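Residues per chain, in single letters:
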Amino acid sequence: MQSEGDAKLQGRRAFLSYVILAVGGFISAAVGLPAIGSLILPTLRPRQVGWTVVGSVAGFPIGQPKQASFELVGRDGWLERRDAKSVWVVRHSEDSFTVFNGRCVHLGCAYSWQEGQQEFACPCHGGRYALDGKVIGGPPPRPLDTLRWRVEGGNLVVEYQDFRLGVPQKEVG
Amino acid sequence: MASSRGLKARERLGQIQSWLGQRSGGGLVWQALFARKVPLGVNWFYTLGAASLFLFTLQAVTGIFLAVYYAPTPDHAYDSIQYIMYEVPFGAVIRGIHHWGASAMVVVVVLHMAVAFAYGAYKYPRELTWVVGVGLLVLTLAFGFTGYLLPWDEKAYWATVVGTAIPGTLPVAGDVVMRVMRGGIQLGALTLTRFFAFHTMLLPAALAGLIGVHLFLVILHGVSVPAGLWEKGQAKAQGLFGSRHAEAPPYAQGEAYKARYDELKAKGHRFWPDVIFEDAVVAALILVAIFGLVITVGVPTEARADPTNTAYVPRPEWYFMFLFQALKYFPGSLEWVGAGVLPPLALFLLLLLPLYDRSPWRSPSRRPIAMAGGVFAVIVIAYLTIAAYLT
């Protein structure tokens, strides 16, 4: 048997429990949302893309892949970041090039041209690519990433971009 | 004269002790944590839990001293580590202990778990203790992963490039997961501060909290009795699947369990000083082994991180080698299965072990299927690790 007083008391306790839960939820959200937002939102900003001179056209022999390294100036948090990037340039004729992003599309290691085997090889997980960028062995899920290029005043200019690694489609990462 | 003065001093000391005890509640804590008994059969394998706690403390203490000199930013991290190694008195020793202590912690935590598995200690009433323990294992590995980047050397940089690219291959959420881990698209300043904050603040707080829960449960239920002793005199199971049909020991659960446990506990040793003595000996031996490694091997030196180094072949720390090797068996398009599905699935199976392994038996000989599964997992991990080092 419950007296009216008991019922009232229980109602009051239930009410207070709800209020405590609501206040707790409010405090968690008021502190948690900005905290988690600061942790995640800055990471979703898109990357800026720009055209970069990678070298004089005359420096790339026809038919012979050549690596070109250059500095990409950007921001890394509060630091000015000078990223050393590299591309592999295959010159087909006077004015025809293929430019590959220098990262292996598997997990981003730097690969290199193997003169003896006439193939690009990645030292990390054994990815291998033909001269045209097609996969001929190992784990890479897609061909090497080609980059847009143009010739300007005798220089080869490249729109350097990194793409998502380890996926079959070439997506801007 | 002298003896009466000594007596007086002792009396005074007793008064101080009693005053402190009353005001602080220290007596209650002492009774609950130290003046308890452990059941019959507790042996040296039981020191592995305390050894894990010792190593966590060792890592926390050496980590604090490293943080005094370390600068978590790409333009200073490597130099600050060099400064610790070559200019700070005892800096190389402290970093050496932290470096080898990390490996030792993984070894000891895994051994601790292996013993709990072999003894069937995850069964009634310690299911939650096991679940929390798996959480502690995950946090220990997360410490290893986040700590690895901090020296900002070649190995650190490239292993983290690959380590964060792996979740990036997951369908749908992969890209976001990778960005959140790196603090952006590329590995850089924001990755380093992020990993530093997690390694030195979030993970220690989480680990300390979970250790608290784990220890509370250990004290609440008491440590398990070794499986063989617990089931002594019970009929042996017949055949491979015998344990499923054999009658469970009458004290597998409930009141009967408690009565048998209390009986064995009454015959057991005291936690203080008997068990603590063994814990202390093991902790000292581990520390001697770590010092031995610091002196003979030291901390491997690596060049400063160079994001364009085409010749560098990144390899993870030895305890992630089996995952590194396993990835080689998956074609690129299925990489996310090997990296993002199988390891979490295995961890999930480990986590829920007490929920699906409901056999009331604990002795390894009465749990042939569970033991075969455990041994199989050890063989696979050992094989992959050895294969990774041979290739």
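Scoring rules and cut-offs
Residues numbered from 1 in each chain as written. Chains lettered and ligands numbered in written order. Predicted model: local features only at pLDDT ≥ 70, side-chain atom pairs only at ≥ 80, totals over all residues. Helix = DSSP H or I, 4+ residues; strand = E, 2+ residues; numbered from the N terminus. Buried ≥ 20, exposed ≤ 12 C-beta atoms within 10 Å, placed from the backbone. Contact = placed C-beta atoms within 7 Å. Nonpolar A, V, L, I, M, F, W, Y, C, P; charged D, E, K, R; others polar. Domains from an automatic or database assignment. Axes fitted to C-alpha atoms, helices over the stretch in contact; angles between N-to-C directions. Parallel < 35°, antiparallel > 145°, perpendicular 65-115°, else oblique. Left-handed = near helix turned anticlockwise from the far one by under 90°. Arc of directions from axis to C-beta. Core = buried A, V, L, I, M, F, W, Y, C linked by C-beta atoms within 7 Å. Pairing = 2+ DSSP bridges.

Student: How do you make sense of the overall build of chain A when you look at a structure like this?
Tutor: Counting its regular elements, chain A contains 1 helix and 10 strands. Helices (α) and strands (β) of chain A occur, in sequence order from the N terminus, as α-β-β-β-β-β-β-β-β-β-β. When each of the 173 residues of chain A is scored for burial, the buried share is 27%. Long-range contacts, defined as pairs at least 24 residues apart, comprise 43% of the intrachain contacts of chain A with a sequence gap of at least 6.

Student: Would you mind showing me how to read the overall build of chain B here?
Tutor: Broken down by element type, chain B carries 17 helices and 0 strands. C-alpha atoms of chain B, sized along the principal axes, occupy 75 × 70 × 35 Å. Taking all 391 residues of chain B together, the buried fraction comes to 35%.

Student: Help me understand the interface of chain A and chain B, please; the structure alone is not making it clear to me.
Tutor: Interface size is often expressed as the accessible area that is lost when the parts come together. Each partner contributes residues to the interface: chain A has 31 residues there, and chain B has 27 residues. The set of elements that each furnish at least two residues to the side of chain A that touches chain B consists of strand E2 (66-76) and strand E3 (79-93) of chain A. For the side of chain A that touches chain B, the residue count by class is 16 nonpolar, 10 polar and 5 charged.

Student: Could you clarify how one ought to interpret the domain arrangement of chain A in this entry?
Tutor: Partitioning chain A into structural domains gives domain 1 (4-42) and domain 2 (50-160). A straight line from the C-alpha centre of domain 1 of chain A to that of domain 2 of chain A covers 55 Å.

Student: Please explain the packing of helix H3 (residues 47-69) of chain B against helix H5 (residues 91-118) of chain B as it appears in this structure.
Tutor: How two helices pack is summed up by the angle between their axes together with the distance between the axes. Residue and element names in this part refer to chain B. It is at 8 Å that the axes of H3 and H5 come closest, and there the two elements cross at 155°. As summarised for this structure, H3 and H5 are arranged roughly antiparallel, according to the angle between their axes. The two elements H3 and H5 meet at a crossing, and its hand is left-handed. Split into classes, the residues belonging to the contact of H3 with H5 amount to 17 nonpolar, 9 polar and 1 charged.

Student: What's the story with unusual backbone geometry in this structure? I'm lost.
Tutor: For residues that are not glycine, phi is negative in most cases, and the peptide bond is trans in most cases. Residue and element names in this part refer to chain B. Here the bond from tyrosine 124 into proline 125 is cis, since omega is 0°, no more than 30 degrees from zero. Its location among the elements puts proline 125 in the loop between H5 and helix H6 (127-149). Omega for the peptide link from tryptophan 272 to proline 273 comes to 5°, which places this bond in the cis form. Within the secondary structure, proline 273 is located in helix H13 (residues 271-296). Phi is positive for tryptophan 152, which is not a glycine, with a value near 50°. A positive phi is found at valine 172, a non-glycine position, where the angle reads about 60°. Take valine 172: it is sitting in the loop between helix H7 (154-168) and helix H8 (174-182).

Student: What's the story with the packing of H6(B) against helix H9 (residues 189-221) of chain B in this structure? I'm lost.
Tutor: Residue and element names in this part refer to chain B. Relative to each other, H6 and H9 sit at 160°, their axes nearing to 9 Å. By the angle class used here, H6 and H9 are roughly antiparallel. Considering the relative orientation of H6 and H9, their crossing is left-handed. Classifying every residue of the contact of H6 with H9 by side-chain character gives 18 nonpolar, 9 polar and no charged.

Student: Teacher, can you tell me more about helix H4 (residues 77-86) of chain B here?
Tutor: Residues and elements named next belong to chain B. When we look at burial in H4, the residues that qualify are Ala77, Tyr78, Ile81 and Ile84. Take H4 and look down its axis: the buried residues cluster within an arc of 120°, on one side only. The exposed residues of H4 that point more than 90 degrees off its buried face are Asp79 and Tyr86. Among the structural elements, H3, H5 and H9 are those in contact with the buried residues of H4.

Student: Mind showing me how you'd approach the nonpolar core here?
Tutor: Nonpolar side chains in soluble globular proteins generally cluster together in the buried interior. Ranked by internal contacts, the top residues of the largest apolar core, which has 92 residues, are Val87(A), Val89(A), Leu55(B), Met105(B), Trp152(B), Ala156(B) and Val162(B). For this core, the element with the most residues is H5(B), which contributes 12 residues. In contact with Leu55(B), not counting residues within four places along its chain, are Gly101(B), Ala104(B), Met105(B), Val108(B) and Ile286(B).

Student: In this structure, what is going on with the sheet that holds E3(A)? I would like to understand it.
Tutor: Residue and element names in this part refer to chain A. On the basis of which strands lie adjacent, the open sheet formed by 6 strands has the order E1-E10-E9-E4-E3-E2 and antiparallel pairing. If you trace the sheet from one side to the other, it starts and ends with strand E1 (50-56) and E2, each paired once. Strand after strand, the sheet turns through a mean of 35° between neighbouring axes, direction not considered.

Student: Can you walk me through the environment of Trp44(B) in this structure?
Tutor: Among the secondary structure elements, Trp44(B) is positioned in the loop between helix H2 (26-33) and H3. The spacing of Trp44(B) and Ala102(B) is 58 residues in sequence and 22 Å in space, taken between C-alpha atoms.

Student: Can you help me understand the sheet that holds strand E5 (residues 112-114) of chain A in this one?
Tutor: The strand order across the open sheet formed by 4 strands is E5-E6-E7-E8 (chain A), and the pairing between neighbours is antiparallel. Both outer strands of the open sheet, E5 and strand E8 (135-137) of chain A, are each paired with one neighbouring strand and no more.

Student: Teacher, can you tell me more about the pairing of strand E10 (residues 155-160) of chain A here?
Tutor: For a regular strand, the rule is simple: side chains alternate between the two faces of the sheet. Residue and element names in this part refer to chain A. Here E10 shows a clear split, with Leu156, Val158 and Tyr160 buried on one side and none of Asn155, Val157 and Glu159 buried on the other. Both E1 and E10 contribute to a ladder of 6 bridges, which runs antiparallel. Each bridged residue has a counterpart across the sheet, and for serine 56 the counterpart in E10 is asparagine 155. In this sheet, E10 lies alongside strand E9 (residues 146-152) in antiparallel orientation, the contact comprising 5 bridges. Residue pairing for E10: valine 151 is matched across the bridge by leucine 156. Linkage of E9 to E10, two consecutive antiparallel strands, is achieved through a turn of 2 residues, within which glycine 153 is found at a positive phi near 55°.

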